[in-house]
Every structure is written in structure tokens, then in C-alpha cells.
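What the coordinates show
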Amino acid sequence: MGSRRVWQVFTVSSTATEMAKEPPPDFEKTHSKMPEQLRVGGFTPFTAIDFPGALSAVVFCQGCPWRCRYCHNGSLLPATSDDLYQWPQLLHHLQQRQGLLDAIVFSGGEPTAQPALENAINQVRALGFKTGLHTAGIYPRRLAKLIPKLHWVGLDIKALPQNYPAITNVRHSGTPAWESARLLAESGIPLQVRLTRHPSLTTEKEIAQIRTELQKLGINELVVQKCNTENCLDQALHSNVIHRQ
Ligand code: SF4
């Protein structure tokens, strides 16, 4: 995701569930809502695969309070890294792309971690672009405010709620993610729900159970993606694959 990524690798204990941290802090107090303060750690100027049916650019927002074992965007996880693109300059670049691009997608990291996202979305809408969001559903209340401003959402569902901490290293992380799934389903916004599967973390049986739970929300499709372990946070996932039953 973007040429500016710097890969980080560190080891996470196999007892990740017990070591899971408290729920994520609210970034509201430490981040500005001013769009020029949007912290951007990467940018893809042109892609045909990040917003279905649209040519888009992708803005990779900095910061995520989770530490998923298979995350391969380690450089985007700190909320305050200095490796930044200037949003006003990016916006100016997007202005030059009017008529050439259909949509701007905000990805991450976790884009909804930044209160500045809402006004940045407003700005790209004002330029005439459709807006898309890649999210893990970490902040459902903030997501609810953003939904009316978005044209498409890609939501990562990682596990059944109770199994989230073993992947994210954050206690109770399944609750907001599934609340976000419910909100998005209710809203009727075009939605793709995806699950990244590593055989050591997710069984076929759990995937079937997840499909059932999603169907209860009215979500009938789950896209299962193979985990790319090459640059993931937990290097044990690269070298030591245990196929769970
Ligand atoms: S939620 Fe996404 S960006 Fe955050 S740690 Fe997990 S995979 Fe990485």
C-alpha cells in the first residue's frame, strides 16, 4: 500500500489474548478536526482496485490503536510519525486530477482515528469526487457521522467478537467492529466486508460462523483474503503456520 511504507517487524507472544491491552484511547483530545491537520503517511495516485468500479486515489492516514498480528502497515500505526505528506498539497494535487479520477479512498492505518477526516472528506466531495473508506470499524460513533458523506465502505471483520483480542492485541476490540458492521448494514451504503485469513488465527469453522452472524445483519457476502505474512507485525506468523481446526 504505497511506496513510502517502511516495514516494521516485531514479535508478539503466542499468549496474545492474555496480553491484550485495554480498549483504544479516544484520539479526539489529541488530534485536530482541521483538515489541514490530517496526518497522511502514504498516497497512491491511481488505482482501479480500491473502490469498486471507479478509478481512485488512495490516501493512507496515519495512526491505529490496534496491533493486529498480521498487519503489514507497521509504518502507518504510530499516530505521530514525522513521515508525512502535507494534506493541503495533496488536496491541490487532487484538484488537478478532477475529471481523471472518480473517487478518493481514505485508508490507513485507521482513518477514523483522526477527527480531521470528516472535514477532509468534505473537501474532496466539494471537488466532485466520490468518497470511499477502508476501516476496521474501530470507532462506530464516528463512523455513523461519516456514513452520509461516503459512497462506499470496505469494512474489515477479523473474527467473531470474542476472538478479536487474539488478533488485535486489544481487549474488547470485537465489540466496536461488529457494531460498525451493524451500522453500515442498516445504512444501506454500498459495502464490502472482508476478512484476512491466516490459518494459525482463523479456522474454516469460524469463517462459517462469521458468515452466519453477518447474514443476521443483512450482509450476505464476505470476501476472504489470504494473509500476506511477508511483512506482518508478528514474524511468528511468517515462519510458524499452525493450521487450526
Ligand atoms: S486495524 Fe488494520 S491498520 Fe490497524 S493494526 Fe489492524 S490491520 Fe493494521
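Here the structure is shown first, and the text comes after it.
This report concerns the structure included in the present document. Within each chain, residues carry numbers counting from 1 in the order of the written sequence. With pLDDT at 70 or above as the cut-off, local features in this predicted model cover only qualifying residues; side-chain atom pairs require 80 or more to be listed or tallied, and sums for whole chains, interfaces and linings still use all residues.

This part takes up the overall build of the protein chain. Only DSSP runs of H or I with at least four residues qualify as helices, and only runs of E with at least two residues qualify as strands; both kinds are numbered from the N terminus onward. Scanning the protein chain from terminus to terminus reveals eight helices and seven strands. Partly exposed residues are those whose C-beta has more than 12 but fewer than 20 other C-beta atoms within 10 Å; 20 or more makes a residue buried and 12 or fewer makes it exposed, with C-beta atoms placed from the backbone. When burial is assessed residue by residue, the protein chain has 40% of its 245 residues classed as buried. Distance between backbone-placed C-beta atoms decides contact: two residues are in contact if it is within 7 Å. Counting only contacts in the protein chain whose residues sit at least 6 apart along the sequence, the fraction spanning at least 24 positions is 77%.

Right, let's get into the site of the ligand. As a matter of local geometry, the ligand sits amid Cys64, Trp66, Arg67, Cys68, Cys71, Asn73, Leu77, Gly108, Gly109, Glu110 and Ala136. Each residue gets one of three labels, nonpolar for Ala, Val, Leu, Ile, Met, Phe, Trp, Tyr, Cys and Pro, charged for Asp, Glu, Lys and Arg, and polar for the others, Gly among them. Here the shell around the ligand is composed, by residue class, of six nonpolar, three polar and two charged. As a rule, any residue with its backbone-derived C-beta atom within 6 Å of a molecule or strand is reported as near that molecule or strand.

Time to look at the pairing of strand β3 (residues 103–107). β3 sits mainly inside the fold: five of its five residues count as buried. Side chains of β3 alternate between two faces, with Ala103, Val105 and Ser107 and Ile104 and Phe106 buried alike. Strands are labelled as partners when DSSP assigns at least two bridges between them. The sheet contact formed by strand β2 (residues 56–61) and β3 spans five bridges and is parallel. Paired with Val59 across the bridge in β3 is Phe106. The pairing of β3 with strand β4 (residues 130–135) spans four bridges and is classified as parallel. Its bridge partner being in β4, Phe106 is matched across the sheet by Leu133. The β-α-β motif built from β3, the intervening helix α3 (residues 117–126) and the parallel element β4 has right-handed crossover chirality. Orient the strands so they point away from the viewer; a crossover is then right-handed if the path from the first strand over the helix to the second runs clockwise.

Moving on to the sheet that holds β4. Taken in spatial order, the seven strands line up as β1-β2-β3-β4-β5-β6-β7 in an open sheet, and their pairing is mixed. Every other strand in the sheet has two partners, leaving β1 (40–47) and β7 (222–226) as the edge strands with one partner each. Here the average twist between neighbouring strands, direction ignored, is 20°. Axes here mean lines fitted to C-alpha atoms, for a helix over just the part in contact, with angles spanning 0 to 180 degrees between N-to-C directions.

Our next topic: unusual backbone geometry. Here Gly108 and Gly109 are connected by a cis peptide whose omega angle stands at 15°. Notably, Asn169 is not glycine yet its phi reads approximately 65°, a positive angle. Here Asn169 shows up in the loop between α5 (165–168) and α6 (174–187). Notably, His172 is not glycine yet its phi reads approximately 60°, a positive angle.

Looking now at helix α7 (residues 204–217). Here α7 is 14 residues long and its end C-alpha atoms lie 20 Å apart, about the 20 Å a rise of 1.5 Å per residue gives. Gly218 sits one or two residues past α7 and shows a positive phi near 95°. Take the residue count of a helix, subtract one, and multiply by 1.5 Å to get its expected span.

Turning to the environment of Leu133, a few remarks are in order. Here Leu133 shows up in strand β4. Residues within four places of Leu133 in sequence aside, it is in contact with Phe106, Pro111, Leu146, Leu150 and Val153.

Glancing now at the nonpolar core. The nonpolar core criterion groups buried Ala, Val, Leu, Ile, Met, Phe, Trp, Tyr and Cys residues into a set whenever they are joined through C-beta atoms within 7 Å. One finds Val59, Ile104 and Ala181 to be the most contacted residues of the largest nonpolar core, which totals 58 residues. Examining the composition of this core, we find that five residues originate from one element, β2, more than from any other. Here Val59 is in contact with Val40, Phe43, Leu90, Ile104, Phe106 and Ser107, once residues within four sequence places are set aside.

Now for the pairing of β4. Most of β4 sits inside the fold, with five of its six residues counted as buried. With four bridges joining them, β4 and strand β5 (residues 152–156) adopt parallel strand pairing. Paired with Leu133 across the two strands is Val153, which belongs to β5. This β-α-β element, β4 to helix α4 (residues 140–146) to β5, shows right-handed connectivity.

Turning our attention to the environment of Gly99. Looking at where Gly99 falls in the secondary structure, it is placed in the loop between α2 (87–96) and β3. Residues Gly99 and Phe129 lie 30 residues apart in sequence; the distance between their C-alpha atoms is 9.0 Å.

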